[in-house]
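Chains, contacts and geometry: an overview
Chain by chain, the residues run as shown.
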2 protein chains.
Amino acid sequence: MILTVTLNTALDITYRVRALLPHASHRVSEVVERPGGKGVNVARVLAALGHEVTVTGFTGGGTGRAVRERLRDTPGVVDALLPVAGATRRTVAVVDERTGDTTQLNEPGPQIAPVEWTAFQEAYADLLGGASAVALCGSLPPGVPVGAYAGLVRTARAAGVPVLLDTGGEPLRRGVAARPDIVKPNAGELAELTGSHEPSRATQDARRRGARAVVASLGAEGLVAHTPEGRWRAVPPARVHGNPTGAGDSAVAGLLSGLVEHLPWPERLCRAVALSAATVLAPTAGEFDRIAYEELRGRVTVAGETTAA
Amino acid sequence: MILTVTLNTALDITYRVRALLPHASHRVSEVVERPGGKGVNVARVLAALGHEVTVTGFTGGGTGRAVRERLRDTPGVVDALLPVAGATRRTVAVVDERTGDTTQLNEPGPQIAPVEWTAFQEAYADLLGGASAVALCGSLPPGVPVGAYAGLVRTARAAGVPVLLDTGGEPLRRGVAARPDIVKPNAGELAELTGSHEPSRATQDARRRGARAVVASLGAEGLVAHTPEGRWRAVPPARVHGNPTGAGDSAVAGLLSGLVEHLPWPERLCRAVALSAATVLAPTAGEFDRIAYEELRGRVTVAGETTAA
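Residues numbered from 1 in each chain as written. Chains lettered and ligands numbered in written order. Predicted model: local features only at pLDDT ≥ 70, side-chain atom pairs only at ≥ 80, totals over all residues.

All names here are of chain A. At His23, a residue that is not glycine, the phi angle is positive and equals roughly 80°. With respect to the element layout, His23 can be found in the loop between strand S2 (10–17) and strand S3 (25–27). Judged by the 13 C-beta atoms lying within 10 Å of it, His23 falls in the partly exposed class. Unusually for a residue other than glycine, His262 sits at a positive phi of about 55°. Following the sequence through the fold, His262 ends up in the loop between helix H8 (247–260) and helix H9 (265–281). (Helix = DSSP H or I, 4+ residues; strand = E, 2+ residues; numbered from the N terminus. Buried ≥ 20, exposed ≤ 12 C-beta atoms within 10 Å, placed from the backbone.)

Here we take up the interface of chain B and chain A. Each side of the interface is counted separately: chain B has 24 residues, and chain A has 24 residues. Mapped by element, the contributors of at least two residues to the side of chain B that touches chain A are strand S2 (10–17), strand S3 (25–27), helix H2 (61–72), strand S8 (89–96) and strand S9 (102–106) of chain B. It is S9 of chain B that contributes the most residues to the side of chain B that touches chain A, four residues altogether. Of the residues belonging to the side of chain B that touches chain A, the class tally is 12 nonpolar, seven polar and five charged. (Contact = placed C-beta atoms within 7 Å. Nonpolar A, V, L, I, M, F, W, Y, C, P; charged D, E, K, R; others polar.)

Ordered in space as S4(A)-S2(A)-S8(A)-S9(A)-S3(B), the five strands form an open sheet in which the pairing is mixed. Whereas interior strands pair on both sides, the edge strands pair on one side only; in this sheet they are strand S4 (30–36) of chain A together with S3 of chain B. Sheet twist, expressed as the average angle between the axes of neighbouring strands with direction ignored, equals 15°. Inspection of the sheet shows S2 of chain A paired to S4 of chain A by seven bridges, in the antiparallel sense. Paired with Leu11 of chain A across the two strands is Pro35 of chain A, which belongs to S4 of chain A. Contacts from helix H2 (residues 61–72) of chain A reach S2, S4 and strand S8 (89–96) of chain A within the one sheet, and its direction differs from that of S4 of chain A by about 80°. (Pairing = 2+ DSSP bridges. Axes fitted to C-alpha atoms, helices over the stretch in contact; angles between N-to-C directions.)

For the rest of this paragraph, the subject is the pairing of strand S1 (residues 2–6) of chain B. Residues and elements named next belong to chain B. Of all five residues in S1, five are buried, a share of seventy percent or more. Side chains of S1 alternate between two faces, with Ile2, Thr4 and Thr6 and Leu3 and Val5 buried alike. One ladder, built from five bridges, connects S1 with strand S5 (residues 53–59); its direction is parallel. Across the sheet, Leu3 pairs through a bridge with Thr54, a residue of S5. In this structure, S1 lies alongside strand S10 (residues 133–137), joined through four bridges in parallel fashion. From the neighbouring strand, Ile2 faces S10, where its bridge partner is Ala133.

Take a look at the structure:
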């Protein structure tokens, strides 16, 4: 199975309102709840692609119960989340029906006690025993040390399990130094890590910092990948319009599924770009449009890059 | 005991953000959760004034569990809420730290099944047996008939229990016709009911429609009361600044506590205005500042009105 780690799981709530006006009172016309957090989203896409997936991380409180109840209804996803005393955070996405714009409100997440963090590290090491690959995804809840991902990368490497890291800021900086197999920063995270806004140069710099392969997601411009097997740029056939929520998580699912299926890098990138675009096109945030995915896969352009500098 | 009815209970969530910007992503710096819905707020204030209070209405789902857990920690309030299949709604108040403004998002509430509504009416009739007064507060959740309050007013009158109605729109229009002892509309609800924006005239009209006494809350301008014992206007000593959330519910608690203590109308109004202003002044929405309340009570102006027209 593929293991995904979401230390800061979430109950993702989407509200539809006629028009969002600061200082006004709004009647919410539609409420949708989904289990969330990046690793949970990655797991859902992997399961939809036919992979066996296990999710782990922390969950607690009434919101945590809601996350677990909904995960139980997600075929192909095994729940190995650890209960904690604090309550799982909520995220609230407010969709303005007039403009289609989304305003996002993210709670910080529960305080994790040292004993809970220790228990997680032990459970994680056990789960790696049955894993063909592992993805470490998203922000850290309060109380988890900033070097957490670096430690989890080392444990995976010691167990011989390929590890992908998708996070930002200081957790990414420390995590990269622990030599993960793949990091997947977006443009902002990559620039913050390397100080460079030039994707190809920054991607190269991120490899020098320790990542074996770097795949940078550049939104509508697709992916840039620097790997030991070569460098590529993968671009969707046309600019797609829709809700980009979860597009990055779908790209991670594409990369991971390609890794465990031993696909060559260009095919992994093609799959990641097609899944990402098919997620933007889907009416529900974080889902992907399967027909669009199959159709897009044949039309992604993957071009090799020549070595710069 | 005093009975308060909240058919559409809520889990009230308050978020603090640096500045609310539509279409942006926000990190919430503080999350506060409270059991809510107008009748629940009224009960909390009554309990703080030393009254025995029972809350009834509907509750369900994970949010309903959160409401009941928090009610258990509220001294003096007895929980007689009925479980339903749907989930209690959330309300989200987003406080902009820069301006102090609040943006409100209100979920619609769970669908109530006919069998649940029937069960409530039976439980309500039983609870009236031990009640010295009852308050019917707030909006109706989907599935509850628009004439619900009219029926609950009639049941209370048949049981000889004084009944106060605090709602708006069509439920108020129908409820007034069932001859409640007191209705407490705000300026907007009163204008919608009567078609008049002149408070004294509109209050008189609302009495003609069936209410024995009408107390209209006019925000910073205090209360206007038309009763069988006379007409008064009660005004706070100065305009108070703060968060008006729950000020109307505190006024209802003041009126009800004065009713069961058999206070003359001017004293009831004085208490209601002081509680209302002390709620605006309190740092936490829906709480009242006890010291401010004691101080304000001595400084509210209650003046008799001469009969117009």
